[in-house]
Amino acid sequence: MRAWLRQHVQAFSSAVKRLSVLNALVIGIALALPAGGYALLESLRPAGARLALEPRLSLFLEPQVRRADAEALGKRLRADPRIAAVRFVPREEALKEMSAVQGLSEVIGALGRNPLPDAFVVTSKEDLADELARLPGVAHVQADAVWARRLAAAAAVVQLGLALLAALLGGALVAVTFNTIRLQILTQRDEIEVSKLIGATDAFIRRPFYYLGLLQGFVGGAVALALVAAALALLNREVSVLAESYGSAFRFAFLPAAEAAAVVLFAGFLGWLGAQLSVSRHLRAIEPR
Amino acid sequence: MVSFSAVAKRYPGGQEALKDVSFSLEAGELAFLTCRSGAGKSTLLKLIPAIERPSAGSVLVNGQNVGALKRAAIPYLRRNIGLVFQDQKLLYDRSVYDNVMLPLAFSAHAPKEAARRARAALDKVGLLGRERANPIQLSGGEQQRLAIARAVVNRPALLVADEPTANLDAESAARILDIFVDFNQVGVTVLIATHDLALVARYGKRVLRLEGGHLSAGAK
């Protein structure tokens, strides 16, 4: 048991000695792209989730329409089977909602009178915008959900792109490790041959290379996280200025701990995989003759 | 200790290095193997640690049929055989001491015991003062003695050497052979391949003579 442990420590320390900072950096940069993209996307998601995604239309009435006419219009809307829900928003309530929004209360206060019209918020699966705009007393129809849906669709596209990028660069990580290990095996060819001749088992010979692959992946993953953290810190300096001007405290957040750990573990796994592929392919070729 | 019966070895090209070779080497014996042409001798030696497998016949080492060993079992066979190669196969990226330590890396010895054994092996071949040197700094005879130290550091019961005195002056060659005789006197079975018949004659030991793939003398 102690001998076994000693051999592992030995293999590990020989891997540490052979670890190339440059290779770890290459892997780190490759992984930083999808990891950073993911962090940005995840930071934006809460903002996106607040937006209504059900197809909703806002009907703004002419300012001179009286409340009774508005209620009659509401009845007519509710009677329409294509419309799922109708909510009446009186101009007073709209004003109150608007003043609750940061930064706008001063603007509204300065106006002196309520500039907002009465409005209906209509939920419908169908696109009724044009039809509803022709109703008497309706000044303007706005499809609220359209841009939110576009944003969600765009986010999905970006997310898919990131997944593809991650797969591609994960493949690159395996390839980089594969090649590193191949070169390492070539430079240690004499040592491997002699070791085989004097009774080293395959496991003993392979072990340092597995550790090297694993370690290179781990360090690469850690480098990726460090790069993402640094980039976000840099980005947040500018973003905070921009967000504050909108009265928001928005910041790009670093990956959650579990996901950051997953990045490092996955990079380690891919490194091990690259080493495994390389070792099984190249070590057999070195047989003493 | 070593027993060949009706061993033949053909290489893929059709070249026949050994035809019907039978002999046995008792535990504690020292024998020389000589050969007119170069080919068969190295092949015969390589069959013992399963570097090559026989095409026919059987090779027994310590009662184990070496030709039928599984790949995974070969390392354990080799740990019991001290091999000294014609080209020494030393590692020039590390010190004399680390070369001798190499076989101890995968044995179960505690670090202290391993260091003690390495120093003992170097002492036996007269290289204790050169531990920190790089093998490239050693003379031909010293390099050969280093190779012997590495072969014996795990205290194998069998020592197999391929042309250990090749390219050495008479004095160095005699010194190398004396070391082998010393090991033999403490019970190690030794098989030495050499073309130096004059040197062999001085020791009066058993000589296996290989001619055209057959043993022409010493087969017993």
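For clarity, every value in this text was computed on a predicted model and none was experimentally measured. (Residues numbered from 1 in each chain as written. Chains lettered and ligands numbered in written order. Predicted model: local features only at pLDDT ≥ 70, side-chain atom pairs only at ≥ 80, totals over all residues. Heavy atoms only, no water.)

## Considerations on the side chain of K89 of chain B
Point 1. Following the sequence through the fold, K89 of chain B ends up in the loop between β6 (81-84) and α3 (96-101).
Point 2. With relative accessibility at 16%, the residue K89 of chain B sits in the buried group.
Point 3. Of the polar contacts made by the side chain of K89 of chain B, one reaches the side chain of E193 of chain A; its length is 3.3 Å.
Point 4. If near-sequence neighbours (up to four positions away) are discounted, K89 of chain B is found in contact with E193, V194 and L197 of chain A together with R150 of chain B. (Helix = DSSP H or I, 4+ residues; strand = E, 2+ residues; numbered from the N terminus. Buried < 20%, exposed > 50% of the residue type's maximum accessible area, 1.4 Å probe, protein only. Polar contact = N/O pair within 3.5 Å; in protein donor to acceptor, adjacent residues only side chain to side chain. Contact = heavy atoms within 4.5 Å.)

## Remarks on a nonpolar patch on the surface
Residues and elements named next belong to chain A.
Point 1. On the surface, M1, W4, L5 and V9 cluster together to form a nonpolar patch covering roughly 490 Å² of accessible area.
Point 2. In this fold, W4 is placed in helix α1 (residues 2-18).
Point 3. Here W4 falls in the partly exposed class, since its relative accessible area comes to 46%. (Patch = residues over 30% accessible without salt bridge, like charges linked within 9 Å, V, L, I, M, F, W, Y side chains within 5 Å. Areas by Shrake-Rupley, 256 points an atom, 1.4 Å probe, with all protein chains shown as cover. Salt bridge = Lys/Arg side-chain N within 4 Å of Asp/Glu carboxyl O.)

## With respect to the nonpolar core
Residues and elements named next belong to chain B.
Point 1. Counting residues in hydrophobic clusters, the biggest one holds 39 residues, and the most contacted among them are V100, L122, L146, I148, L159 and F180.
Point 2. Elements with a minimum of two residues in this core: β3 (30-35), α3, α4 (111-124), α5 (140-152), β7 (158-162), α6 (170-185), β8 (189-193) and α7 (197-203).
Point 3. Two domains each put at least three residues into this core: domain 1 (1-80 + 156-220) and domain 2 (91-155).
Point 4. Not counting residues within four places of it along the chain, the set of residues in contact with V100 comprises A118, A121, L122, L146, A149, R150 and V153. (Core = buried A, V, L, I, M, F, W, Y, C linked by side-chain atoms within 4.5 Å. Domains from an automatic or database assignment.)

## Section: the interface of chain A and chain B
Point 1. Across the boundary between the two partners, chain A contributes 21 residues, which contact 23 residues of chain B.
Point 2. Counting each side, the surface lost to burial between chain A and chain B is near 2,000 Å², with a carbon and sulfur contribution of 57%.
Point 3. Summed over the shared surface of chain A and chain B, the result is 3 salt bridges.
Point 4. Across the pair E191 of chain A and R94 of chain B runs a salt bridge, and its minimum N-O distance is 2.9 Å.
Point 5. Our enumeration of links across chain A and chain B arrives at 6 residue pairs in polar contact (both at pLDDT 80 or more). (Buried area = accessible area lost by both parts, 1.4 Å probe.)

## So, the packing of aromatic side chains
Point 1. A full pass over the atoms with the stated rule returns 8 aromatic pairs over all chains.
Point 2. Considering the side-chain rings of F88 of chain A and F120 of chain A, the 5.0 Å spacing of their centres and the 50° angle between planes classify their relative orientation as tilted. Here the residue F88 of chain A occupies a position in strand β2 (residues 83-89), and F120 of chain A occupies one in strand β3 (residues 119-124), the gap between them amounting to 32 residues.
Point 3. The interplanar angle of 20° and the centroid separation of 4.7 Å between the aromatic rings of F4 of chain B and F23 of chain B together place this pair among those described as stacked. With a gap of 19 residues between them, F4 of chain B in strand β1 (residues 2-10) and F23 of chain B in strand β2 (residues 16-25) connect regions that are remote in the sequence. Comparing F4 of chain B with F23 of chain B shows no difference in burial state: the two are buried.
Point 4. Within the aromatic cluster, the residues linked to one another by ring pairs are Y210, F266, F269 and W272 of chain A.
Point 5. Sitting over the face of the ring of F85 of chain B, K89 of chain B holds its NZ or CZ atom 5.7 Å from the ring centroid. (Phe/Tyr/Trp six-rings, centres within 6.5 Å; stacked < 30°, edge-to-face > 60°. Lys NZ or Arg CZ within 6 Å of the ring centre and 35° of its normal.)

## Comments concerning the pairing of β3 of chain A
Residues and elements named next belong to chain A.
Point 1. Across the 6 residues that make up β3, a large majority, 6, are buried.
Point 2. In β3, alternate side chains face the same way, and those of A119, V121 and T123 on one face and F120, V122 and S124 on the other are all buried.
Point 3. Two strands pair when backbone bridges link them, and strand β1 (residues 56-61) and β3 are joined in this way by 5 bridges, in the antiparallel orientation. Within β3, the residue paired with L59 across the bridge is F120. (Pairing = 2+ DSSP bridges.)

## What about the pattern of salt bridges?
Point 1. Overall, the coordinates contain 21 salt bridges over all chains when judged by the stated rule.
Point 2. As a salt-bridge pair, R71 of chain B and D202 of chain A come within 2.7 Å of each other at their nearest N and O atoms. Of this pair, R71 of chain B sits in the loop between β5 (64-65) and α2 (74-78) while D202 of chain A sits in helix α9 (residues 202-245), on two different chains.
Point 3. A residue is classified by how much of its surface remains accessible, and R71 of chain B, at 33% relative accessible area, is partly exposed.
Point 4. The closest approach of N and O atoms between K41 of chain B and E163 of chain B, which form a salt bridge, is 2.9 Å. With K41 of chain B in helix α1 (residues 39-47) and E163 of chain B in the loop between β7 and α6, this pair connects stretches of sequence that are 122 residues apart.

## Quick word on the side chain of S95 of chain B
Residue and element names in this part refer to chain B.
Point 1. When you line up the elements, S95 lands in the loop between β6 and α3.
Point 2. Judged by relative accessible area, S95 falls into the buried class, the value being 17%.
Point 3. For S95, the side chain forms a polar contact with the main-chain nitrogen of D98, separated by 3.1 Å.
Point 4. Sequence-distant contacts of S95, that is, excluding residues within four places in its chain, are made with E131, R132, A133 and P135.

## Observations regarding the sheet that holds strand β10 (residues 214-217) of chain B
The strands that make up a sheet pair up through hydrogen bonds in the backbone, lying either parallel or antiparallel.
All names here are of chain B.
Point 1. Strand order in the open sheet made by the 6 strands is β6-β7-β8-β3-β9-β10, with mixed pairing throughout. The sheet terminates laterally at β6 and β10, the two strands that pair on one side only. Sheet twist, expressed as the average angle between the axes of neighbouring strands with direction ignored, equals 20°.
Point 2. In this sheet, β7 lies alongside β6 in parallel orientation, the contact comprising 4 bridges. Residue pairing for β7: I81 is matched across the bridge by L158. (Axes fitted to C-alpha atoms, helices over the stretch in contact; angles between N-to-C directions.)

## A look at α1 of chain A
Point 1. In this model, α1 of chain A (17 residues) spans 24 Å end to end at C-alpha, consistent with the 24 Å of a helix rising 1.5 Å per residue.
Point 2. On its buried face, α1 of chain A sits against α9 of chain A. (Expected span 1.5 Å × (residues − 1).)

## Details of the domain arrangement of chain B
When the parts come together, some accessible area is lost, and that loss is often what is quoted as the size of the interface.
Residues and elements named next belong to chain B.
Point 1. Domain parsing of chain B yields domain 1 (1-80 + 156-220) and domain 2 (91-155).
Point 2. Centre-to-centre separation of domain 1 and domain 2, based on C-alpha positions: 23 Å.
Point 3. Each partner contributes to the interface: domain 1 provides 13 residues, whereas domain 2 provides 13 residues.
Point 4. Note on domain 1 versus domain 2: buried area summed over both sides is about 1,100 Å², and carbon and sulfur give 71% of it.
Point 5. Counting the surface domain 1 buries against domain 2, the share from its top three residues, R79, P156 and F183, is 43%.
Point 6. Summed over the shared surface of domain 1 and domain 2, the result is 0 salt bridges.
Point 7. Across the domain 1-domain 2 interface, the total number found is 1 residue pair in polar contact (both at pLDDT 80 or more).
Point 8. Considering each element in turn, the side of domain 1 that touches domain 2 owes the most residues, 6 residues, to α6.

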